[in-house]
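Summary of structural features
Spelled out, the chains give:
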Amino acid sequence: MARKRAGKTRPSQATGDYRIIGGQWRGRRLPIADSPGLRPTTDRVRETLFNWLQWDIVDANVLDLFAGSGSLGFEAASRGAARVTLIEAENKVSRQLQDNTSLLQAKGMEVVTANALDWLKKPSDSRYDIVFIDPPFHQGLATSAITLLNEHSWLAPDNQVYLETEKDYDLALPAGWQLLKEKTHGQVCFRLLTKDIA
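First, a word on what this report is: a plain description of the structure on this page.

What counts, and at which threshold
Residues numbered from 1 in each chain as written. Predicted model: local features only at pLDDT ≥ 70, side-chain atom pairs only at ≥ 80, totals over all residues. Heavy atoms only, no water. Helix = DSSP H or I, 4+ residues; strand = E, 2+ residues; numbered from the N terminus. Rg over C-alpha atoms; globule rule 2.2 N^0.38 Å. Expected span 1.5 Å × (residues − 1). Buried < 20%, exposed > 50% of the residue type's maximum accessible area, 1.4 Å probe, protein only. Arc of directions from axis to C-beta. Contact = heavy atoms within 4.5 Å. Phe/Tyr/Trp six-rings, centres within 6.5 Å; stacked < 30°, edge-to-face > 60°. Salt bridge = Lys/Arg side-chain N within 4 Å of Asp/Glu carboxyl O.

1. A look at the overall build of the protein
Secondary structure summary: the protein contains five helices and nine strands in total. Secondary structure elements of the protein, listed N to C terminal, follow the sequence β-β-α-β-α-β-α-β-α-β-α-β-β-β. Taking 2.2 N^0.38 as the reference for a compact globule, 198 residues should give roughly 16 Å; the C-alpha atoms of the protein span a radius of gyration of 15 Å, in line with that estimate. Overall, the protein is about 40 × 35 × 30 Å in size when its C-alpha atoms are taken along their principal axes.

Quick look at the structure:
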């Protein structure tokens, strides 16, 4: 996603659009809504993430919380995810995601205008193989999202959860969660997690 705090996180890499870096829409540029602090996850981080997920993304059911620019969700769809649900609270940003979905004639993509944490509190009607959590920085939202995923039945048995936070974020995982991979890039820390499902 990427609604980051100016001066405290990574610098802007785009001035109104971003490029899909792999899959059927490789090289396509998508516009970003004019919203303060909205930045796509960098190409370098996305490339690392989708290298991690390359054997699991095809036909996956994907949830993109705090979708923002949609760079993670659209990248997943481009690389063969069966279904991608993007959750975005801001109306203007959500409308741009819907416009981009129409622009690409992307099947299997759904844009939901909702607060991600409130949405996770409702009864789950689907199980997700892959979840992207890339919230605004310095608000403690990552822990809240992990807690809600942990308490409700949103995750499929062979799940992977991507988490992107500020470098110094103090992450405490609930019991039953495992850290699979972790890297830092500049002031950003990104991790791949999984929850054991009985």
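2. What about helix 3 (residues 91-104)?
Counted at 1.5 Å a residue, the expected span for helix 3 with its 14 residues is 20 Å, and the 20 Å between its end C-alpha atoms agrees. Along helix 3, the positions that sit buried rather than exposed are Val93, Ser94, Gln96, Leu97, Asn100, Thr101 and Leu104. End-on view of helix 3: buried residues confined to an arc of 155°, all on one side of the axis. Here the buried face of helix 3 lies against strand 2 (29-31), helix 2 (71-78), strand 4 (83-88) and strand 5 (109-113). Residue Gln105 follows helix 3 closely and has a positive phi angle near 50°.

3. So, the packing of aromatic side chains
Overall, the coordinates contain six aromatic pairs when judged by the stated rule. Here Tyr128 and Trp154 contribute two aromatic rings whose centre-to-centre distance is 6.3 Å and whose plane-to-plane angle is 35°, an arrangement assigned as tilted. Remark: Trp154 occurs in the loop between helix 5 (141-151) and strand 7 (155-166) and Tyr128 occurs in strand 6 (residues 128-133); sequence separation between them is 26 residues. Each member of the pair, Tyr128 together with Trp154, is buried. By the ring-pair criterion, three or more aromatic residues cluster together here, those being Phe50, Trp52, Phe132, Tyr162 and Phe190.

4. Remarks on the pattern of salt bridges
Under the defined criterion, the tally for this structure stands at eight salt bridges. Residue Glu75 pairs with Arg79 through a salt bridge whose shortest N-O separation is 2.9 Å. Classification of Glu75 by relative accessible area gives buried; the value is 0%. Here Glu182 ties to Arg191 by a salt bridge, and the two come within 3.0 Å at their closest N and O atoms.

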